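# Chains, contacts and geometry: an overview
The lines below spell out each chain.
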Amino acid sequence: AQTVTQSQPEMSVQEAETVTLSCTYDTSESDYYLFWYKQPPSRQMILVIRQEAYKQQNATENRFSVNFQKAAKSFSLKISDSQLGDAAMYFCAYRSAPPYSGAGSYQLTFGKGTKLSVIP
Amino acid sequence: GAGVSQSPSNKVTEKGKDVELRCDPISGHTALYWYRQSLGQGLEFLIYFQGNSAPDKSGLPSDRFSAERTGGSVSTLTIQRTQQEDSAVYLCASSPSGTVRSGANVLTFGAGSRLTVL
């Protein structure tokens, strides 16, 4: 089974600065997806960014970018020009790519999250 | 609908009572997931529905937990004889398909149902 580890329970960043959230995962698969989800106090999980393992180019979405190191099984999230609205729990997640094998193989496996605070 | 809708938003119940949590997925989404999020923890997979296929119940923690999905749309998660350790946020998510690759692997989540068992 795959595991996802987020080693930073809490992080803080000054408004307008840059912060990087760490995520590592363990898998024997070669094809998979990685995600970062944001969960504000409203509890709604919001997709921030997605990376397909077969793509070497790091995904970017406006102020959000990832550093995907497949060999190291590392998938960090960089938030540039941090804003107050970025304050939230951030979850890293892993998902196998089809065809799926066995029960539960298509589900998202989540890390325990990193709580990000943005200081004005 | 425009998003995944869950009800109730909050539920307080007494130990030993049964509770039902409802999820209304995005129209047309064939895949539906239930996750549990305990305080300070990540999300724990509970159950998965895909179209008319038999659900994958491999994540259900005990036989007190069950779920159904009627007409391939609305889903209900039922917890019988609730225990204090069942207190958590229960999140539902849907996606266009659980098996198609391109553009269909993103799960859209609801806002969750917070269950408190006294």
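Nothing here was measured: the structure is a model prediction, and the numbers come from that model.

## Quick notes on the state of the cysteines
- Under the defined criterion, the tally for this structure stands at two disulfides over all chains.
- Between A:Cys23 and A:Cys92 runs a disulfide, and the two sulfur atoms are separated by 2.0 Å. Here the disulfide of A:Cys23 and A:Cys92 is left-handed, its torsion about the S-S bond being about -70°. One end of the pair, A:Cys23, is in the loop between strand 3 (19-21) and strand 4 (24-26); the other, A:Cys92, is in strand 10 (residues 88-96), and 69 residues separate them in sequence. Side by side, A:Cys23 and A:Cys92 carry an identical accessibility label, which is buried.
- Paired through a disulfide, B:Cys23 and B:Cys92 show a sulfur-sulfur distance of 1.9 Å.

## Examining the interface of chain A and chain B
- Taken together, the contact between chain A and chain B spans 26 residues of the former and 29 residues of the latter.
- With both chains or domains summed, chain A and chain B bury close to 2200 Å², and 48% of this area falls on carbon and sulfur atoms.
- Of all residues in chain A, A:Arg43, A:Arg95 and A:Tyr106 bury the most surface against chain B, accounting for 29% of the area lost on that side.
- Between chain A and chain B we count zero salt bridges in total.
- Connecting chain A to chain B are eight residue pairs in polar contact (both at pLDDT 80 or more).
- Where the side of chain A that touches chain B is concerned, the elements lending two or more residues are strand 5 (32-39), strand 6 (46-52) and strand 10 of chain A.
- For the side of chain A that touches chain B, the class distribution of residues is 14 nonpolar, six polar and six charged.

## Concerning the pairing of strand 4 (residues 31-37) of chain B
Residue and element names in this part refer to chain B.
- The element strand 4 is extensively covered by neighbouring structure, given that seven of its seven residues are classed as buried.
- Residues Ala-31, Tyr-33, Tyr-35 and Gln-37 line one face of strand 4 and the alternating positions Leu-32, Trp-34 and Arg-36 line the opposite face, and both faces are buried.
- Between strand 4 and the antiparallel strand that follows it, strand 5 (residues 43-50), lie five residues; Gly-40 among them carries a positive phi value of about 75°.

## Some remarks on the nonpolar core
- If you look at the biggest cluster of nonpolar residues, it comprises 25 residues, and the most contacted ones within it are A:Tyr25, A:Trp36, A:Phe75, A:Leu77 and A:Tyr90.
- Broken down by secondary-structure element, the contributors of at least two residues to this core are strand 3, strand 5, strand 6, strand 8 (64-69), strand 9 (74-79), strand 10 and strand 12 (114-119) of chain A.
- Membership of the second largest hydrophobic core comes to 21 residues, among which are A:Phe35, A:Phe110, B:Tyr35 and B:Val89.

## Some thoughts on the pairing of strand 10 (residues 113-117) of chain B
All names here are of chain B.
- Of the two faces of strand 10, only the one carrying Ser-113, Leu-115 and Val-117 is buried; Arg-114 and Thr-116 on the other face are not.
- Both strand 2 (residues 10-13) and strand 10 contribute to a ladder of four bridges, which runs parallel. Paired with Asn-10 across the two strands is Arg-114, which belongs to strand 10.
- Here strand 8 (residues 88-95) pairs with strand 10 via three bridges, running antiparallel. Looking at strand 10, one finds that Ala-88 is bridged to Leu-115.

Here is what the cut-offs are and how they apply
Residue numbers here run from 1 along each chain, matching the order of that chain's written sequence. Following the order in which they are written, the chains are lettered starting with A and the ligands numbered starting with 1. With the structure being a predicted model, the display of local features is reserved for residues of pLDDT at least 70 and the display and counting of side-chain atom pairs for 80 or more, all residues being used for whole-chain, interface and lining totals. Derived side-chain values reflect all non-hydrogen atoms in the structure, with water molecules and hydrogen atoms excluded from consideration. Two cysteine sulfur atoms make up a disulfide if the distance between them is within 2.5 Å. A helix here means a DSSP run of H or I that spans at least four residues, while a strand means a run of E at least two residues long, and both kinds are numbered starting from the N terminus. Accessible area is worked out with a 1.4 Å probe on protein chains only. A residue is then buried under 20% of its type maximum, exposed over 50%, and partly exposed in between. What makes two residues a contact is simply this: any of their non-hydrogen atoms within 4.5 Å. When two parts are brought into contact, each loses some accessible area as probed by a 1.4 Å sphere; the total of that loss over both is the buried area. By definition, a salt bridge exists where a carboxyl oxygen of Asp or Glu is found within 4 Å of a side-chain nitrogen of Lys or Arg. N or O atoms closer than or at 3.5 Å make up a polar contact, with two conditions inside protein: a donor-capable atom paired with an acceptor-capable one, and, for residues adjacent in sequence, both atoms drawn from side chains. By the convention adopted, Pro, Cys, Tyr, Trp, Phe, Met, Ile, Leu, Val and Ala count as nonpolar, Lys, Arg, Asp and Glu as charged, and the other residues, Gly among them, as polar. We treat two strands as partners when DSSP finds at least two bridges between them. In this text, buried Ala, Val, Leu, Ile, Met, Phe, Trp, Tyr and Cys residues form a nonpolar core when linked through side-chain atoms within 4.5 Å.

Bear in mind that shape data such as this cannot, by itself, settle questions of function.
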